[in-house]
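# Fold and contact review
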Amino acid sequence: MIDLKLLRTSPERVRTALARRGDPGVGTVLDELEALDARRRAVTAQLDQLKAERNDAARSDAKVMKEKGAIPPAVLAERKQLGLRISGLEGEQRDLEATIEAKGLFVPNLPLPELPDGDASHNAVVRTWGTPAPAGGKPHWEIGERLGILDLVRGAKLSGSGFPVFVGAGAKLVRALINFMLDLHGREHGYVEVEPPFLVRRENMQGTGQLPKFEAEAYRTTPDELFLIPTAEVPLTNLHRNEILDGARLPVSYAAYSPCFRREAGAAGKDTRGLLRVHQFDKVELVRFCGAADSPAEHEKLTTHAETVLQRLGLPYRVLLLAAGDVGFASAKTYDLEVWAPGVGQWLEVSSSSTFTDFQARRANIRYRPSPGEKPEFVHTLNASGVALPRTIAALLENGQQPDGSVLLPPALAPYVGADALVPAGGA
């Protein structure tokens, strides 16, 4: 949610920051918000004056009643008109506040100054890990079919394109990855594991920034108006909706597995082969709450937690700092973690690690009290995929493929799968 106080006191700073996103429509919304806010403040000032007049009149009328026993009809008529004026302005004030809130939900977060300017072509590689294999070999969908672990045809028969089915050792691989990541983040990184609902109310999707701008990309149920979560970020962040946290407890960190559901309107025809773009997938999500002063360090720590997963899996990856024109709607700064998949010859995003500053906290009203008795402040929220499974599995298959058709598994994952390799059905 846009900080109206900041827009009021530093309009050029807000406009300059948002202009870096390259969305020309934001300027129009800011114009409307400024006009609405100015009108609201004028109405509030009028109300304050009229209510003061009403209070003075009430004292005067009490004195008249005591002295004469009745209020003259002309005075009563004046009092009625005053009350009607106040009621009318109160109604206008409520309408203005509702309109401001609704329009404010379409204003994205301010990108932090350290982001590169420009679109996705200006994303900066921050660091790399591992040595990418030469491009080549079979793509993961051919490997998965040969192994008998991935059935895209039957997934499409059940639900349509973008809904893969993992079979046998493939289903076990999915479960192994989830357990491996939850254990890693819980035991070594200190996250509290949560099993959240997979459907949430509208206000929770709104709190984290998915709604109202991206409603077309969400799956919604009727008539109960619940949304299938696009990521466990939504329920995890909203666990503390409308709460005031104890500052001494910060940072608070949660990890959760969930299926994720994304319609991704407008993405048809783009990376539709195999597991590169799907509508339902599994993911382990990491969410952290902290104070503003700790936010930059917490973001770096969070990113390393996601990186640890890829290092343990032995997957070459790179960390990209997204440019201001490519960063997500709610994010102030994002690192993308991309693994190398030689079979498709691409770097595949498997995690986005983002700091939202106080953007989500304002929308969901999540605050903390720095010390007992101090005024509450908005927390900073952060989240990262720790990590998403489909492209991770694609990279595991393509990096681990062997000449005999088997796929070697990383030592950290083998105990969870109960095997050192995946072999074609019926043997290698």
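Summarised in this report is the structure supplied together with it. Just so we're clear, the structure is a prediction, and the values are computed from it rather than from any experiment. (Residues numbered from 1 in each chain as written. Predicted model: local features only at pLDDT ≥ 70, side-chain atom pairs only at ≥ 80, totals over all residues. Heavy atoms only, no water.)

Along its length, the protein carries 13 helices and 18 strands. By its C-alpha atoms, the protein is 105 × 45 × 45 Å across when sized along the principal axes. The burial tally for the protein puts 48% of its 428 residues in the buried class. Carbon and sulfur atoms make up 52% of the accessible area of the protein, which totals about 20000 Å². (Helix = DSSP H or I, 4+ residues; strand = E, 2+ residues; numbered from the N terminus. Buried < 20%, exposed > 50% of the residue type's maximum accessible area, 1.4 Å probe, protein only. Areas by Shrake-Rupley, 256 points an atom, 1.4 Å probe, with all protein chains shown as cover.)

So, on to the sheet that holds strand β6 (residues 219-220). Strands sit in the order β5-β7-β6 across an open sheet of 3 strands; the sheet is antiparallel. Both outer strands of the open sheet, β5 (199-201) and β6, are each paired with one neighbouring strand and no more. The pairing of β5 with strand β7 (residues 226-228) spans 3 bridges and is classified as antiparallel. Residue pairing across strands places L199 opposite L228, the latter belonging to β7. (Pairing = 2+ DSSP bridges.)

Moving on to unusual backbone geometry. Cis geometry marks the peptide bond from L250 to P251, where omega comes out at 0°. With respect to the helices, strands and loops of the structure, P251 is situated in the loop between β8 (244-246) and β9 (252-261). Along the chain, G386 connects to V387 via a cis peptide bond; the corresponding omega equals 10°. Assignment of secondary structure puts V387 in strand β16 (residues 380-388). Unusually for a residue other than glycine, E225 sits at a positive phi of about 60°.

Turning our attention to the sheet that holds strand β4 (residues 192-194). Paired through their backbone hydrogen bonds, the strands of a sheet run either parallel or antiparallel. Pairing is mixed in the open sheet, where 8 strands are placed in the order β1-β11-β12-β13-β16-β10-β9-β4. Of all strands in the sheet, those with a lone pairing partner are β1 (124-129) and β4, marking the two edges. Looking at each pair of strands side by side, their axes are set apart by 25° on average, direction ignored. Relative to strand β10 (residues 280-290), β9 runs antiparallel, the two sharing 10 bridges. By the bridge assignment for β10, S258 is matched with K283. Across the sheet, helix α7 (residues 169-187) touches β4, β9, β10 and β16, and the angle it forms with β10 is around 10°. Against the sheet, helix α10 (residues 295-312) engages β1, β10, β11 (317-321), β12 (333-341), β13 (346-355) and β16, with an angle of about 5° to β16. (Axes fitted to C-alpha atoms, helices over the stretch in contact; angles between N-to-C directions. Contact = heavy atoms within 4.5 Å.)

Moving on: the environment of R367. Locating R367 in the fold gives a position in strand β14 (residues 367-369). Given the relative accessible area of 27%, R367 is considered partly exposed. Here the alpha-carbon distance between R367 and T208, two residues 159 residues apart in the chain, equals 15 Å. Once you skip the residues sitting within four places of it in the chain, R367 turns out to touch E243, I244, L245, P376, E377, F378 and V379.

Let's shift gears to the side chain of T392. Looking at where T392 falls in the secondary structure, it is placed in helix α12 (residues 389-400). Accessibility expressed as a relative area gives 1% for T392, which makes it buried. Among the polar contacts listed, one links the side chain of T392 to the backbone oxygen of A388, at a separation of 2.6 Å. In contact with T392, not counting residues within four places along its chain, are L313, L315, V350 and V387. (Polar contact = N/O pair within 3.5 Å; in protein donor to acceptor, adjacent residues only side chain to side chain.)

Any aromatic ring pair is given by two values, namely how distant the centres are and how the planes are angled relative to each other. For the structure shown, the criterion picks out 6 aromatic pairs. On the numbers, 5.9 Å between centres and 80° between planes, the contact of F329 with F359 is edge-to-face. Of this pair, F329 sits in the loop between β11 and β12 while F359 sits in helix α11 (residues 359-364), and the two are 30 residues apart along the sequence. On the accessibility criterion, F329 (10% relative accessible area) is buried. Overall, F359 belongs to the buried group, its relative accessible area being 2%. With a centroid separation of 5.3 Å and an interplanar angle of 55°, the aromatic rings of W340 and W347 are classed as tilted. (Phe/Tyr/Trp six-rings, centres within 6.5 Å; stacked < 30°, edge-to-face > 60°.)

For G405, the location among the structural elements is in the loop between α12 and β17 (407-408). For the pair G405 and K138, spaced 267 residues apart in sequence, the C-alpha to C-alpha distance is 9.8 Å.

A separate point is the packing of helix α3 (residues 25-68) against helix α4 (residues 73-104). The relative placement of two packed helices comes down to the angle between their axes together with the axis-to-axis distance. It is the contact of α3 with α4, at a shortest axis distance of 9 Å, that shows an interaxial angle of 155°. For the element pair α3 / α4, the angle class is roughly antiparallel. Taken as a pair, α3 and α4 cross one another with a handedness that is left-handed. Among the residues forming the contact of α3 with α4, the class breakdown is 13 nonpolar, 5 polar and 14 charged. (Parallel < 35°, antiparallel > 145°, perpendicular 65-115°, else oblique. Left-handed = near helix turned anticlockwise from the far one by under 90°. Nonpolar A, V, L, I, M, F, W, Y, C, P; charged D, E, K, R; others polar.)

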